[in-house]
Structure formats: structure tokens, C-alpha cells
Amino acid sequence: MFSPIYGPVTSWRYGTSLGIDLIGEVSTCSFDCAYCQLGEIERKTQQRQIFVPTADLIEALNAYSPWPVDIVTFSGSGEPTLAENLGEAIAAVKALTQKPVLVLSNATLLNQPEVRAALNQADRVSLKLDAPNPDLLRRINRPVEGVSWEAILEGLQRFRRDYPGIVDIQTMLLSPWKADEQQAYQELIAQLHPHEIQLNTPTRPKPVGHQLDGRGNHSQGDRPYAVRQLKSVSREVLQDVAEHLQQAIAIPVRYAPSPK
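Below: a short report on this structure. (Residues numbered from 1 in each chain as written. Predicted model: local features only at pLDDT ≥ 70, side-chain atom pairs only at ≥ 80, totals over all residues. Heavy atoms only, no water.)

Before going further, it helps to spend a moment on the overall build of the protein chain. Looking only at helices and strands, the protein chain has seven helices and 12 strands in total. Computed over C-alpha atoms, the radius of gyration of the protein chain comes to 17 Å, within 12% of the 18 Å expected from 2.2 N^0.38 for 260 residues, which places it in the range of a compact globule. Judged by the C-alpha coordinates and their principal axes, the protein chain covers about 50 × 45 × 35 Å. Across the 260 residues of the protein chain, 53% fall into the buried class. Considering only contacts in the protein chain between residues 6 or more positions apart, those separated by 24 or more positions represent 75%. Approximately 11700 Å² of the protein chain is accessible, and the part contributed by carbon and sulfur atoms is 49%. Of the side chains in the protein chain, 25 bear a positive and 29 a negative charge, and the two mean positions are spaced by 2 Å. (Helix = DSSP H or I, 4+ residues; strand = E, 2+ residues; numbered from the N terminus. Rg over C-alpha atoms; globule rule 2.2 N^0.38 Å. Buried < 20%, exposed > 50% of the residue type's maximum accessible area, 1.4 Å probe, protein only. Contact = heavy atoms within 4.5 Å. Areas by Shrake-Rupley, 256 points an atom, 1.4 Å probe, with all protein chains shown as cover. Lys, Arg positive; Asp, Glu negative; His and termini not counted. Charge placed at Lys NZ, Arg CZ, Asp CG, Glu CD.)

The following block contains the structure:
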């Protein structure tokens with residue numbers, strides 16, 4: 001049975017996190033990323049709506065009281081900014097739990113003022129930027145029709161200019177960048193000037209079909225469903241990119257630890 005609450009999840013970036021899923025049982029996103037741990041996205045759209053009413057979320061959240069976690073994270077079964085009640089839900093969760101709230105977003109809807117206003121309720125926002133050019137966006141993130149690389153960059157810049165909280169940039173590397181790609185990424189990061197850059201690479205196989213357990217920590221053992229292996233880069237490649245970025249633009253860079 002679907003629950004809008006999952007975890008707690010152990011995150012190398014944020015400690016112990018309680019997950020909030022405003023998207024629902026059917027995975028829904030404006031991306032269909034080649035590496036998505038949910039499996040293939042079932043509903044691909046950039047149309048916002050209410051999937052999980054805020055009252056249902058709060059009822060489910062009460063069962064987890066007193067919420068012994070470091071942070072509450074909106075992520076789940078797709079892109080959380082697709083939920084029209086995101087701002088209302090963030091405010092309600094903060095009032096109930098008295099915990100800091102983080103939103104993980106793919107940044108595709110940041111050009112919409114109502115989306116930026118909703119995210120302004122959060123203490124921290126982690127924004128996806130995997131592609132330093134339109135071709136990589138098409139191949140890695142596989143956006144829905146109407147989502148362009150240029151529009152994403154414009155939205156990122158608008159949001160970064162006005163948001164009062166902490167902004168992280170999360171980047172997934174499936175293969176080493178070419179020199180021009182790394183230079184382009186560096187220039188974009190310098191423009192956005194986030195508080196932190198987080199580099200990651202796939203460490204677990206991708207479910208062939210949608211799997212709700214992709215919302216949380218995957219076990220390393222056998223799974224009772226079909227998966228396929230993903231491309232990834234070595235820890236040494238992540239370290240090299242991190243050190244280069246940190247020297248070039250003086251912004252803290254963290255990268256994923258090796259899988260256990």
C-alpha cells in the first residue's frame with residue numbers, strides 16, 4: 001500500500017532523512033533520467049496538479065512522531081514541484097515536525113513563479129544539473145517535450161537570485177566529461193554560485209519497471225524484480241572533478257562515497 005512517508009533514509013549528503021512523497025504511487029516526472037532509481041517513469045509530464053492531499057500527508061506523518069531524523073526531504077516518486085500543494089505541504093510539515101525541510105528538484109519548473117514561491121518555504125533546495133549542454137540533457141535526463149536546456153538554465157538563475165535558503169547543485173556522472181564539457185559545467189556553476197556541489201555516480205542497478213522501494217536506501221542484495229546495470233565512473237574520476245572544481249571556483253564540492 002502506498003504511503004506518502006518513507007524511510008528514514010541514510011544520506012551521504014544530509015544525514016538521516018524522513019522522505020515525503022507528494023507524487024503518489026504512479027511515478028511522475030518531467031525527466032525520465034537514464035539512471036533513475038525508480039525505474040522507467042510511468043507518467044511523463046510538466047503539468048502540475050495535486051496528487052497527494054496535504055491532509056493525507058499530515059495524517060501519515062503523525063504516525064512517525066517524534067520524527068528522530070536530521071531533516072525532512074521532499075522527493076519520492078518523481079519531481080516534487082509537480083505537486084501544486086508543495087508550498088502548503090512544506091509549511092505544514094515544518095510547523096508539525098519543527099525539522100528543517102529539504103526539496104530535491106530537477107529544476108525544470110523553476111521558471112514558474114508559483115513553483116519558486118513554493119520552494120521559498122523550504123530551508124534547503126538541491127537542484128539537478130547533470131548536463132552542461134543540450135545534447136547531454138537529451139541523452140542523460142531525457143526531458144519531456146517543451147523542456148529545454150536553455151529554459152532550465154534561466155530558471156536556475158532566477159531561483160538562485162531570489163531564494164533565501166541554502167542551494168545545492170547535484171550532478172550525476174555516468175561517464176567522464178570531455179574537456180569542453182567540464183569547462184562548460186564549471187562556467188555554469190560559477191554563474192549559479194551554489195552553497196555546495198554534490199557529485200554522484202550510479203552505484204546500483206536500475207529497475208526495469210517502476211519500483212516504490214527506489215525512493216529509499218536500496219539493499220545491495222538480490223532484488224525480486226528485473227534490473228539492468230548502469231554506467232558509472234570511478235571514485236578517482238569523481239575526486240579529480242571535485243578537486244578541479246574546488247580549485248577553479250572555490251565552492252565546496254562533495255562526492256559520493258564508495259558503495260559498501
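On to the pairing of strand β5 (residues 71-74), then. On a regular strand, one side chain projects to one face of the sheet and the next to the other, so that they alternate. Side chains I71 and T73 project from β5 onto one buried face, and the interleaved V72 and F74 project onto a second face that is buried too. As paired elements, strand β2 (residues 15-20) and β5 share four bridges and run parallel to each other. Its bridge partner lying in β5, G19 is registered against T73. As judged from the three bridges shared by β5 and strand β6 (residues 101-105), these two strands associate in the parallel manner. Its bridge partner being in β6, F74 is matched across the sheet by V103. (Pairing = 2+ DSSP bridges.)

The tally for this structure, following the rule as stated, stands at two aromatic pairs. Both rings, one in F159 and one in Y163, keep their centres 4.7 Å apart while their planes meet at 20°; by these two values the pair is stacked. Residue classification places Y163 among the buried positions, given a relative accessible area of 5%. Aromatic side chains W177 and Y185 sit 4.6 Å apart centroid to centroid with 40° between the ring planes, which places their arrangement in the tilted category. By relative accessible area, W177 is classed as buried at 14%. For Y185, a relative accessible area of 0% gives the class buried. (Phe/Tyr/Trp six-rings, centres within 6.5 Å; stacked < 30°, edge-to-face > 60°.)

Listed in full, the buried residues belonging to helix α1 (residues 54-62) are T54, L57, A60 and L61. Angular distribution of buried residues about the axis of α1 spans 125°; they occupy a single face of the element. Of the exposed residues in α1, the ones pointing more than 90 degrees away from its buried face are A55 and E59. Where α1 is buried, its residues contact β1 (5-11), β2, β5 and α2 (86-97). (Arc of directions from axis to C-beta.)

The next thing to look at is the pattern of salt bridges. Scanning all chains against the criterion turns up 10 salt bridges. The salt bridge involving K44 is made with D32; its shortest N-O contact spans 3.9 Å. Of this pair, K44 sits in strand β4 (residues 43-44) while D32 is found in the loop between β3 (28-29) and β4, placing the two residues 12 residues apart along the sequence. Taking relative accessible area as the criterion, K44 reaches 46% and is therefore assigned partly exposed. Overall, the relative accessible area of 6% leaves D32 in the buried class. Residue D135 is joined to R139 by a salt bridge in which the shortest nitrogen-to-oxygen separation is 3.0 Å. With D135 and R139 both in helix α4 (residues 134-141) and four residues apart, this pair spans about one turn of that helix. (Salt bridge = Lys/Arg side-chain N within 4 Å of Asp/Glu carboxyl O.)

Along the chain, I249 turns up in helix α7 (residues 235-249). In sequence terms I249 and R161 are 88 residues apart; their C-alpha atoms lie 18 Å from each other. When sequence neighbours within four positions are dropped, the list of residues in contact with I249 reads Q186, I189, A190 and I197.

Here we come to the sheet that holds β5. With respect to topology, eight strands assemble into an open sheet ordered β1-β2-β5-β6-β7-β8-β9-β12, the strand pairing being mixed. On the outer flanks of this sheet lie β1 and β12 (253-255), each paired with one strand and no other. Averaged over neighbouring strand pairs, the angle between their axes works out to 25° when direction is ignored. For strand β8 (residues 166-172) and strand β9 (residues 196-200), the ladder comprises five bridges, and the chain directions are parallel. Paired with M172 across the strands is N200, a residue of β9. Most of the contacts of α2 go to β5, to which it runs at about 165°, and overall it touches β5 and β6. (Axes fitted to C-alpha atoms, helices over the stretch in contact; angles between N-to-C directions.)

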